[in-house]
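Single-letter residue listing:
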2 protein chains.
Amino acid sequence: MTETLLKDRVEEMMTALAKLGKDERGYTRLAFSDADMEVRSYLIGEMERAGLTVREDAFGNVFARTRGNNALPAVLIGSHADSVPQGGNYDGIVGIVGAIAVAEKIASEKLPRPVEVVLFMAEESSRFGVANLGSKAMAGMLPEDAASFYKDSDGKTLGEVMAERGFVAENAPYKKRVRAFLELHIEQGGILESQLSPLGIVTGIAAPHRYRLTIGGRADHSGTTPMNLRRDALTGAADMLLRIEELAQANARKGVVATVGQLDVYPNAMNVVPGKVTMSIDLRGTDEDNINSLCIAILENVDAIAQKRNLAVQLETLTEEEPALLDEGLVALGEYCAGEIGERTMRMASGAGHDALYMTRIAPVGMIFVPSKNGISHNPAEYTEMADIVRGTNLLYHMVKRLAEE
Amino acid sequence: MTETLLKDRVEEMMTALAKLGKDERGYTRLAFSDADMEVRSYLIGEMERAGLTVREDAFGNVFARTRGNNALPAVLIGSHADSVPQGGNYDGIVGIVGAIAVAEKIASEKLPRPVEVVLFMAEESSRFGVANLGSKAMAGMLPEDAASFYKDSDGKTLGEVMAERGFVAENAPYKKRVRAFLELHIEQGGILESQLSPLGIVTGIAAPHRYRLTIGGRADHSGTTPMNLRRDALTGAADMLLRIEELAQANARKGVVATVGQLDVYPNAMNVVPGKVTMSIDLRGTDEDNINSLCIAILENVDAIAQKRNLAVQLETLTEEEPALLDEGLVALGEYCAGEIGERTMRMASGAGHDALYMTRIAPVGMIFVPSKNGISHNPAEYTEMADIVRGTNLLYHMVKRLAEE
């Protein structure tokens, strides 16, 4: 039974990894840290044990390939193994473990097209304030000054940290043609669980548009200033916040979400009417037009509220990244293979960013999601049922097999 | 001309004081600091120069009395001289300067009833986190452990700081009967200015009811959590905030105000749906029933919003001080005297707390307000026109004269 073989290997690796980089507050495997390198070494060992040919690029990304006709573009599968501080053992790990188990099985089947496992380095933004460094290096998208520009909280540059490990903080473009890239990942949200669906077929990856809004009113004594003489920046912010929520809810079917996650009040004293508020606005969606039209509606409403309340507003754009649609052929292939093995799936967008987003620059890309218990991720309570991990790995296997047989 | 004499003395003292405890960022005369003690010494000198008999109580409050029949309860007038950090030269100062000028003039008129100037120590809460320490000591309202309980930001206790100045941080009850206490003060709000009225006759002093509300939702990834699966503590807080504002506006005629001045978001990260919000609610009014009914309406609405949004709420009471109505006879006397000297007045409540609030425990109390430019106080931009200070001082003089003649 295919599934049993995959299950044993996945369980074995997940169990071994559950002991690495852990303390009483969760898993902490920051990019290029000792814990991250320990996990990387373990995974390289497993790749070798699986009979794969292992190499690394200058950035430290690891590649492990089955034997096959190297004239044919390979099927790439993989994920990352670094974590946020005090995270779980599933984010990234499920995908790299699943990929190794699949490649091992495929290797024994001697299919024409090579399959290559990719372990991306530095996927999480926790250490250097920027995400997906490894996949960006592969896609040639790192900025020229990456080595000196990005620093960790100790003030060490990315270049210094990587040099200690023998790597170089520069682009390391993946030179060969690629048939497809597939990534298995935990959902990190609660949609699959709420829909009682064990597997998600990802149709697109959202990218955030982020803004900082500054609302200026007038700080006044809370006891001596009648309600009608106030220019309260915080009640103004509340008015805007509710309107943003309402607009996002009205556009929910278009796959966009809006979040105010950060809000700071000045002077933030119990007896002073707030004179200034700053807040973040994070918009996400997989369709650029839908994001833009939500953005315009929000800004129109913010302006109208500011005018009504005699407040000043100032908007700063922090980032406007482009979302990506995944390959329609691979979405269809995922659904076809799931049907063959009797698994239920649902199509969904990924709200979180993934290395797969950058792989769209060099390959057709597909993604499989498995459920996150209670939608929790980046947290020691992160959990995915072993049965769901095996289901996802099995679907990955069937998709890879189809592609490698071509 | 009475007014000219008062004007000269008030201008002289205001000008001298404008040089004390000042730097480029405003006036900083924290309670019992060198600057505060320097101002106190100057004022004692002016009291002596005015021919008054000066004494101090164990807490450091200063009393300066005219000659008169000491068997008759005296008329007390005064205010404080300490300031917030980077404040102005008007809050408190206007009242103590006006009181000295009035007592000097009265002293020369040899009226039967003694008039006594009171300089209250430690009115501002800035240094020890609690206001009106001097007037509370006079009213016997200091807690027993005041000397050790209250500390400044350097960790020095109130007792230690006061001992260095030769004072004791204990109650020092004012033992004699008092005919009336009158305080002249800047408004610290914008009502008189907006009503084009130069003088306010205070009918009551609001006391704050203060609460801390904790709103619990669930922290989620801002990209992976659809709008309908969120339990966003911040949009819930915004909903409550707008409702609080609305209820306070609807009750504005009852003289109540409600302010959320402090709000903190957790974890306060751009890409995380807020899991927790804490916010302060500051309610003020001069009528206990009106405060209570606004409070109940707010809490009912907060609960309903929490239920609708599946959020947890927890309310902590920080303080529920009792407001005080001032003496109706003194309000009427103020209006009568203003009419005699041709000044326009308006009745108003004080939203800010004053030493006069605690003097209601030992005397009938009246207050006169003069306008604050742009309603600004506790700020270097604090300003009151000299003509208005003189108007207020002159009204104080006429009220004191009537009372001292009885």
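Residues numbered from 1 in each chain as written. Chains lettered and ligands numbered in written order. Predicted model: local features only at pLDDT ≥ 70, side-chain atom pairs only at ≥ 80, totals over all residues. Heavy atoms only, no water.

**Things to note about the nonpolar core**
Counting 64 residues, the largest nonpolar core has L263(A) and L263(B) as its most contacted members. Excluding its chain neighbours within four sequence positions, the residues that come into contact with L263(B) are L234(A), L263(A), V265(A), N268(A), L234(B), A237(B), L241(B), V277(B), T278(B) and M279(B). (Core = buried A, V, L, I, M, F, W, Y, C linked by side-chain atoms within 4.5 Å. Buried < 20%, exposed > 50% of the residue type's maximum accessible area, 1.4 Å probe, protein only. Contact = heavy atoms within 4.5 Å.)

**Topic: the pattern of salt bridges**
Residues and elements named next belong to chain A. For the structure on display, the rule yields 54 salt bridges over all chains. We note a salt bridge from E11 to K7, for which the minimum N-O separation is 3.2 Å. Linking E11 with K7, this pair stays in helix α1 (residues 2-17), spanning 4 residues, or about one helical turn. By relative accessible area, E11 is classed as partly exposed at 28%. Of the residues examined, K7 reaches a relative accessible area of 35% and is grouped as partly exposed. For the salt bridge of R391 with D388, the shortest nitrogen-to-oxygen distance reads 2.8 Å. A residue pair is termed a helical-turn pair when its members lie 3 or 4 positions apart in one helix, as R391 and D388 do in helix α12 (residues 386-405) at 3 residues. Taking the relative accessible area as the measure of exposure, R391 reaches 27% and is therefore partly exposed. (Salt bridge = Lys/Arg side-chain N within 4 Å of Asp/Glu carboxyl O. Helix = DSSP H or I, 4+ residues; strand = E, 2+ residues; numbered from the N terminus.)

**Thoughts on the domain arrangement of chain A**
Residues and elements named next belong to chain A. Annotation of chain A at the domain level lists domain 1 (2-206 + 323-405) and domain 2 (207-320). Contact with domain 1, which involves 8 residues of that partner, is made by 8 residues of domain 2. Summed over both sides, the interface of domain 1 with domain 2 buries roughly 540 Å², with 66% coming from carbon and sulfur. In this structure, the connection of domain 1 to domain 2 is made through 0 salt bridges. Connecting domain 1 to domain 2 are 1 residue pair in polar contact (both at pLDDT 80 or more). Within the side of domain 1 that touches domain 2, the residues separate by chemical class into 6 nonpolar, 2 polar and no charged. (Domains from an automatic or database assignment. Buried area = accessible area lost by both parts, 1.4 Å probe. Polar contact = N/O pair within 3.5 Å; in protein donor to acceptor, adjacent residues only side chain to side chain. Nonpolar A, V, L, I, M, F, W, Y, C, P; charged D, E, K, R; others polar.)

**Focus on the packing of aromatic side chains**
Residues and elements named next belong to chain A. A complete count under the given rule lists 12 aromatic pairs over all chains for this structure. Seen from their ring centres, F63 and Y174 are 5.6 Å apart, and the 40° between their planes marks the pair as tilted. Residue F63 is found in strand β4 (residues 62-65), and its partner Y174 is found in the loop between α6 (158-164) and β7 (178-186); the two are separated by 111 residues along the sequence. Judged by its relative accessible area of 1%, F63 is buried. Summarising the aromatic geometry, the rings of Y90 and Y383 are spaced 5.7 Å apart at their centres and angled 80° between planes, so their arrangement reads as edge-to-face. (Phe/Tyr/Trp six-rings, centres within 6.5 Å; stacked < 30°, edge-to-face > 60°.)

**Observations concerning the relation of the copies chain B and chain A**
When chain B is fitted to chain A, the residual RMSD is 0.2 Å, and the transformation amounts to a turn of 179° plus an axial shift of 0.1 Å. Taken together, the turn and the small shift mark the pair as related by a two-fold rotation axis. Relative to the rotation axis, the closest C-alpha in chain B is found at A238(B), a distance of 2.2 Å. A shared binding surface is used by both copies, with 98% of the interface residues of chain B retained as interface residues in chain A. (Least-squares fit on C-alpha atoms with pLDDT ≥ 70 in both.)

**Describing the interface of chain B and chain A**
Facing 50 residues of chain B, the contacting portion of chain A comprises 51 residues. Regarding the contact of chain B and chain A, the summed buried area is about 4,300 Å², with carbon and sulfur atoms giving 61% of it. The largest contributions to the chain B side of the interface with chain A come from T224(B), M227(B) and M270(B), which together make up 17% of the buried area. For the pair chain B and chain A, the number of links is 2 salt bridges. In this structure, the salt-bridge partner of E245(B) is R309(A), at a minimum N-O distance of 2.7 Å. Counting the contacts that link chain B with chain A gives 18 residue pairs in polar contact (both at pLDDT 80 or more). Elements with a contribution of two residues or more to the side of chain B that touches chain A: α7 (191-194), β9 (207-216), β10 (220-221), α8 (233-250), β11 (257-259), β12 (263-266), β13 (272-273) and β14 (276-285) of chain B. Among the elements that make up the side of chain B that touches chain A, the one with the highest residue count is α8(B) (9 residues).

**Looking at helix α9 (residues 288-308) of chain B**
Residues and elements named next belong to chain B. The terminal C-alpha atoms of α9 lie 30 Å apart, and with 21 residues this matches the ideal 30 Å at 1.5 Å per residue to within 8%. Regarding α9, the residues found buried are N290, I291, L294, C295, I298, N301, V302, I305 and A306. For α9, the arc enclosing every buried residue in end-on projection is 135°, short of the 170-degree limit, so these residues lie on one face. Turned more than 90 degrees off the buried face of α9, the exposed positions are D289, I296, E300, Q307 and K308. (Expected span 1.5 Å × (residues − 1). Arc of directions from axis to C-beta.)

**A short note on the pairing of strand β12 (residues 263-266) of chain A**
All names here are of chain A. Along β12, the buried face is formed by L263 and V265; none of D264 and Y266, which line the opposite face, is buried. As defined by bridge partners, β12 adjoins strand β14 (residues 276-285) across 4 bridges and the pair is classed as antiparallel. Bridge pairing links V265 to V277 in β14. (Pairing = 2+ DSSP bridges.)

**Comments concerning the packing of helix α3 (residues 93-107) of chain A against α12(A)**
Residues and elements named next belong to chain A. Where α3 meets α12, the closest approach of the two axes is 9 Å, and the angle between their N-to-C directions is 45°. Regarding the angle of α3 to α12, the classification is oblique. In this structure, α3 meets α12 at a crossing whose hand is right-handed. Of the residues in α12, those touching α3 at V94, G98, A99, A101, V102, K105 and I106 are I389, T393, L396, Y397, V400 and K401. When its residues are assigned to classes, the contact of α3 with α12 shows 9 nonpolar, 2 polar and 2 charged. (Axes fitted to C-alpha atoms, helices over the stretch in contact; angles between N-to-C directions. Parallel < 35°, antiparallel > 145°, perpendicular 65-115°, else oblique. Left-handed = near helix turned anticlockwise from the far one by under 90°.)

**Section: the side chain of S222(A)**
Looking at the secondary structure, you find S222(A) in the loop between β10 (220-221) and α8 (233-250). A polar contact of 3.1 Å, which involves the side chain of S222(A), links it to the side chain of R284(B). Non-local contacts of S222(A), meaning those with residues more than four positions away in its chain, are made with R230(A), M270(A), N271(A), V272(A), V273(A), V257(B), T259(B), D282(B) and R284(B).

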